[in-house]
Amino acid sequence: MPEPPVILAKGTGAATAAGHAGTASGGPGGAKVFAPWNDPDAKPLVEFRSVTKLFGEVAAVDDLSLKIYPREFFALLGPSGCGKTTLMRMLAGFESPTHGEIWLDGKELTGTPPNRRPVNMMFQAYALFPHLSVADNIAFGLRRDGLPKGEVAERVEQMLALVQLHGLATRRPHQLSGGQRQRVALARSLAKRPKMLLLDEPLGALDKKLREQTQFELVSIQERLGTTFLIVTHDQDEAMTVADRIAVMDQGRLVQVAPPAQIYEYPTSRYVADFLGDVNLIEGRVAAMAAENARLTWCEGRPDFTCPANPDLKPGDTAWFGIRPEKVAIDKDMPPDRPGQNAVEGTVWDIGYVGNLSTYHVKLDDGQMVRAQVANRVHLARREISWEDRVWLSWGKDDGVLLAR
Amino acid sequence: MRGGGWGRRTLIAIPYAWLLVLFLAPFLIVLRISLSDFAISQPPYSPVLDLPACFGEADLPAAEGEAPDLLSCLGGWADQFWGLVEEWDFDNYIWLTQDNIYWLSYITSLEIAAVSTLLILLIGYPIAYGMARAPKAWQPTLLMLVILPFWTSFLIRVYAWISILKTEGLLNQFLQGIGLLDEPLVILGTNTAVYIGIVYSYLPFMVLPLYATLVKMDESLLEAAQDLGCTRFTAFWLVTIPLSIPGIVAGSMLVFIPAVGEFVVPDLLGGSETLMIGRTLWTEFFGNRDWPVASAVAIILLLVLVVPIVLFQRHQDRAQEAGR
């Protein structure tokens, strides 16, 4: 495994990064960052210990261990059927593990029914009670706890304020828009002040604009309350935007658990590289492995690629070189030969235009396709590169990753 | 005018025409008979609205083909109509209040129907709930089993109960056979037998609407309730029951309304003590051949039932408005 530099949580998202750093260090300029997962003394809030869940013969969750820390915004990311929802439902108490233990705040949870677990869940389709008003929906859990009337009313007010739904307290769920329902569901699940909030595809039913806006609101609410959030999603953008750490799941197992930037820049497998964002993967054989850099033979008769080292590999192994399209530069002329610079020649096969970006699909001379993504800084009409042009693709020696699997 | 206007109106007109011909017209005829006097004649009441005579009389001036004559023809028809109205009287309705057999019949019918509805609800709800929660693959079979009794005539099924309930019937044979009873139970000819008959006959009408409501209920609502601190039972009480109210109301109406006017069950299974309005009506109509009084009984029964029907309608409207 390569030892990539530790990347701060949300290193790039300016607004959220400042907020998150603030919760841990007392100021955006603080030296300490919020990364309890790097602290061996930190006590996890939730711990899955070798949890397996079988449905018949099929393992929905397969011998999975995971720690989630207090105040963390943790995302379970994966395609449908990867076991992420089952994992969450086991935490909520709707499924019980076939093997293994789930610990929450120092207590083992197996056998505790959902109504006596200090976690609350926000359901995918919200599951608002259609026969109750917004206020009664939010108060539902509080009344079950036998809170005095005045306190219930006060808490409902707070929750309505938190999700900015003042004046809608007497409405019924069917009289609300999708976005408003989502807020009511959030308020209802937070009203009991759970130790942990579980969010099952919370934004899936919203349209794109509203979803993006709500993602930031979720983060800001999480920061204000300091509650630990666990979100299940199949939307990588959503996971990247909201989470402190992302766990990518595949077939009941965790493939990689890391902060968003690290998982994007340093995926440890082709699966993760491909699942999060777009990636060019080139198969080859390791020619040389040094402490910092490796050399990969990818095509007979062409210069080897210089790329970051991967201690899991030794010369002679089959490996994959992965590089994000936005890190590939495209030029009509051969770039100046610099040490460590990789350059390959090819023909422009197709150009994908999405307004702000253009993706050049370049066919290398051995037949492989490599994509290069460029921001459209000049007007489309003045674009230099066109179909069928001979071009050079180039990238630095540390811009990609070398993957063993 | 849009092109679809006529087609749509015709389509809407069909059910209205149906109701007009098969409900409103018979109702008006019954209403009119109830306002007539008993007479030893054929049919046994007078006066009779003699439609051919009306039109025959009206035809005469119309034959001269003049427009003013059409008016006079209509006038003649109206005169005859008002003549009839003048002859109408409410003696039959007054009679109903004087003999307490009628209002006792109404009260007993309402009571038996109400108690039966409650019993059917208590028995039908667990059945419908069990069906709705059963594995998806079983549900068509279970539904079929509920509907299966309809394959046999209602009358025959009620008759079958006689052989089960009579003193030397299957039930008593069984109970005596296992040594639980020395003396046979007298069930047939009592109100108990009527309750058994009604509960048995009308159970599917409660189960089906309840099942329809319960089966479409979102499972995640119950999970949400449990997540927020409910036990399984409180979740059922606070979520399942309130959300199945449309089904409870529909089922209760489907059971209560026909049960009030039930004739076959009390006639076959009940005794002389079972004074239900359906039987009284039958006796009045076929026993006494007093069509006007029988019609009055039927009209009052209709008025008694209109109240729950209107309440039901209002509930449906509200439920619809609530988008459920």
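Residues numbered from 1 in each chain as written. Chains lettered and ligands numbered in written order. Predicted model: local features only at pLDDT ≥ 70, side-chain atom pairs only at ≥ 80, totals over all residues. Heavy atoms only, no water.

A. Seen up close, the overall build of chain A. From N to C terminus, chain A includes 9 helices and 20 strands. Taken along the three principal axes of its C-alpha coordinates, chain A extends 80 × 50 × 45 Å. For chain A, with 405 residues in total, the buried portion stands at 50%. Within chain A, counting contacts between residues at least 6 apart in sequence, those at least 24 apart form 67% of the total. When the accessible surface of chain A is summed, it comes to about 18,700 Å², and 49% of that surface belongs to carbon and sulfur atoms. (Helix = DSSP H or I, 4+ residues; strand = E, 2+ residues; numbered from the N terminus. Buried < 20%, exposed > 50% of the residue type's maximum accessible area, 1.4 Å probe, protein only. Contact = heavy atoms within 4.5 Å. Areas by Shrake-Rupley, 256 points an atom, 1.4 Å probe, with all protein chains shown as cover.)

B. Looking closely at the overall build of chain B. A tally of regular secondary structure across chain B gives 15 helices and 2 strands. Evaluated residue by residue, chain B yields a buried proportion of 38% over its 324 residues. Partitioning the contacts of chain B with sequence separation of at least 6, the portion at a separation of at least 24 is 71%. When the accessible surface of chain B is split by element, carbon and sulfur atoms take 70% of a total near 18,700 Å².

C. Seen up close, the domain arrangement of chain A. Per the domain assignment, the segments making up chain A are domain 1 (46-265) and domain 2 (282-403). Put simply, the middle of domain 1 of chain A and the middle of domain 2 of chain A, counted by C-alpha atoms, are 40 Å apart. (Domains from an automatic or database assignment.)

D. Fine view of the environment of glutamate 326 of chain A. Residues and elements named next belong to chain A. Here glutamate 326 lies in the loop between β14 (318-323) and β15 (329-331). The sequence separation of glutamate 326 and glutamine 373 amounts to 47 residues, and the corresponding C-alpha distance is 4.5 Å. Setting aside residues no more than four positions away along its own chain, glutamate 326 makes contact with Tyr264 and Gln373.

E. Quick peek at the interface of chain A and chain B. If you look at the interface, chain A gives 20 residues, while chain B gives 18 residues. Across the interface of chain A and chain B, roughly 1,700 Å² is buried in total on both sides, 64% from carbon and sulfur atoms. Counting every contact that joins chain A to chain B gives 1 salt bridge. Close ionic contact of glutamate 223 of chain B with arginine 89 of chain A constitutes a salt bridge, the shortest N to O distance being 2.6 Å. (Buried area = accessible area lost by both parts, 1.4 Å probe. Salt bridge = Lys/Arg side-chain N within 4 Å of Asp/Glu carboxyl O.)

F. Looking closely at the pattern of salt bridges. Under the defined criterion, the tally for this structure stands at 21 salt bridges over all chains. A salt bridge links arginine 89 of chain A to glutamate 95 of chain A; the nearest nitrogen and oxygen atoms lie 3.4 Å apart. Of the two residues, arginine 89 of chain A and glutamate 95 of chain A, both sit in the buried class. Across the salt bridge formed by arginine 279 of chain B and aspartate 267 of chain B, the nearest N and O atoms sit 3.5 Å from each other. Here arginine 279 of chain B is found in helix α14 (residues 277-287), whereas its partner aspartate 267 of chain B is found in helix α13 (residues 264-269), with 12 residues between them in sequence. The class for aspartate 267 of chain B is partly exposed, based on a relative accessible area of 34%. Here the residues in one salt-bridge network are Glu47, Arg49 and Glu101 of chain A, joined through shared partners.

G. Broad picture of the environment of proline 36 of chain A. Residue and element names in this part refer to chain A. Along the chain, proline 36 turns up in the loop between α1 (14-25) and β1 (46-55). Residues proline 36 and arginine 49 lie 13 residues apart in sequence; the distance between their C-alpha atoms is 18 Å. Beyond its immediate stretch of four places on either side in the chain, proline 36 contacts Ala42 and Tyr69.

H. Representation of the confidence of the model for chain B in the model. Residues and elements named next belong to chain B. Mean pLDDT over chain B stands at 83; residues scoring 70 or higher make up 85%. When pLDDT is averaged over each helix and strand of chain B, the minimum, 48, is found for helix α2 (residues 51-62) and the maximum, 93, for helix α9 (residues 191-215). Across residues 57-66, confidence stays below pLDDT 50; counting only partners more than four residues off in sequence or on other chains, it has 5 contacts. Interface confidence for the predicted complex, expressed as ipTM, amounts to 0.79; the pTM equals 0.77. (pLDDT = per-residue confidence, 0-100.)

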